[in-house]
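Chains, contacts and geometry: an overview
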Amino acid sequence: MALLLNPNTYRDLIRPLLFRLPPETAQKLADEALRLTPVWKLLEPYLEYAHLSLRTTVAGIDMRSPIGLAAGYDKDCERLESLAALGFGYVVGGTVTLSPRTGNPSPRILRYERQESLVNSLGFPGKGVGNATMRLAGSNGPARVPAVVSVSGETISEIVACHRELEPLASAIEVNISSPNTAGLRAFHDMGALTELLTAVNADRKRPLFVKMPPFPQAGGSRDDDDARKLVLGLAGVCVDQGVDALTVANTRPVREPQLAVGVGGLSGRLVYRDMLRMVSDTRAAVGNSIAINACGGVFSGRDAWNALLAGADTVQLLTALIYQGPGVVRSINRQLALMVSLNGLTSVSEIAQLPREATA
Ligand SMILES: Cc1cc2nc3c(=O)[nH]c(=O)nc-3n(C[C@H](O)[C@H](O)[C@H](O)COP(=O)(O)O)c2cc1C
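Note that this is a predicted model, so its numbers are computed, not measured. Residue numbers run consecutively from 1 along every chain, following the written order of its sequence. Confidence filtering applies because this is a predicted model: local features only for residues at pLDDT of at least 70, side-chain atom pairs given and counted only at 80 or more, and all residues used for totals across whole chains, interfaces and linings.

Contacts to the ligand come from 26 residues, most closely from A70, G72, S268, L319 and T320. Basically, the charged four are Asp, Glu, Lys and Arg, the nonpolar ten are Ala, Val, Leu, Ile, Met, Phe, Trp, Tyr, Cys and Pro, and anything else, Gly included, counts as polar. Per-class residue counts for the shell around the ligand are 11 nonpolar, 13 polar and 2 charged. A molecule or strand has a residue near it when that residue's C-beta atom, placed from backbone coordinates, lies within 6 Å of it.

Laid out in structure tokens, this is it:
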């Protein structure tokens, strides 16, 4: 069993076979495997790395580990129970939209294998909020692992309708204003429009709210880059003012990619890791301690997760590492993270953010 779940077995045996297939076909196969929920639940004791020092509470949500699954792996919230069994502290389902959508034309996912990265231009394919509601209502609760649901839409009323339907079935809702593959979302990259959206969501909100932020350029670049950076940090300020509980920093980085049918997509994986660390620390510096931050982008190891927490994050989300390293990756990250906590003389992951930045044992 240990051999089967070992990241090396996945990397050396399973991944080469899966990666002979086009990315979306491989994803369908993974989805078939995840259908076997009772099997994954049986495997959970081997996949989980339970350690007291990993436990944390973010936005009032208790988690067994700060490592979460990022939005986009299970767009229709159909496999969250199996995914939770991989050892995550929480899982984000979605992004769910109000109506079913086919998304963009294929090819729409490309692997950069050597860099363990992906570019996707999916554009929110999904079965819509009705299906997600049914799946979440039908899953076998009470769940040990909190489920957050990501929602989006091109108008305030679409997003509010998704939020209203899904909030009672989730531990929190993550509003996605940042997919680079849906042009309409850029409407919310404006402080006034975002204020209007969050005011509408807040009107009947009862549970924690996360907002998934767009990536932003480094300080000291061109004037346009500086403006873009100021804008995103301004949006973070709006979230603080509106009582948002956590910012997820950040969505994929928009890139040109002629091999995708639409010619552009969002980059994820190792190639965005350094930028993610900088965005987390810049965002933390801008918002202070008034809001939680979920670091998201290129985390593959316990050390990567440690650095993200050290940069100011409260939790860490990942997606691309699961595709490149397989189901054992969460256990391996949790184990390494718990070891680093102990080597640094700490008792809890929540103490990492208080360490000086250069402190890494
Ligand atoms: C295939 C794919 C689909 C994604 N779909 C979504 C999505 O529906 N909603 C969302 O907020 N982010 C989505 N993302 C972005 C991820 O949640 C995450 O922000 C990004 O991949 C960076 O993390 P990673 O490097 O650990 O993958 C998607 C990413 C990938 C690779």
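The next thing to look at is the sheet that holds strand β11 (residues 253-256). What holds strands together in a sheet is hydrogen bonding between their backbones, with the strands either parallel or antiparallel. With antiparallel pairing, the 4 strands of this open sheet are ordered in space as β5-β6-β12-β11. The open sheet is flanked by β5 (109-112) and β11, the only strands paired with a single partner. Each neighbouring strand pair of the sheet contributes to a mean axis angle of 35°, computed without reference to strand direction. As defined by bridge partners, strand β6 (residues 117-120) adjoins strand β12 (residues 264-269) across 4 bridges and the pair is classed as antiparallel. Across the sheet, the residue bridging to V119 is L267, located in β12. Strand pairing is assigned whenever DSSP identifies at least 2 bridges connecting the two strands. Helix numbering and strand numbering both begin at the N terminus, where a helix is a DSSP run of H or I of at least 4 residues and a strand a DSSP run of E of at least 2. Axis definition: a line fitted to C-alpha atoms, limited for helices to the stretch in contact. Angles are taken between N-to-C directions and run from 0 to 180 degrees.

What follows is about the environment of V39. Its place among the elements puts V39 in helix α4 (residues 37-47). When the C-alpha atoms of V39 and A203 are compared, they prove to be 41 Å apart, with 164 residues separating the residues in sequence.

Next up on the list: the packing of helix α6 (residues 129-138) against helix α7 (residues 156-166). Where α6 meets α7, the closest approach of the two axes is 10 Å, and the angle between their N-to-C directions is 15°. Our classification of the angle between α6 and α7 gives roughly parallel. When the axes of α6 and α7 are compared, the crossing they make is right-handed. Residues V129, A132 and T133 of α6 form the contact with α7, whose participating residues are C162, E165 and L166. Note on angle classes: values under 35 degrees are labelled roughly parallel, values over 145 roughly antiparallel, values of 65 to 115 roughly perpendicular, and the remainder oblique. Working rule for handedness: look at the near helix, and if it is turned counterclockwise from the far one by less than a right angle, call the crossing left-handed; if clockwise, right-handed. Residues are treated as contacting if the C-beta atoms built from their backbones sit within 7 Å of each other.

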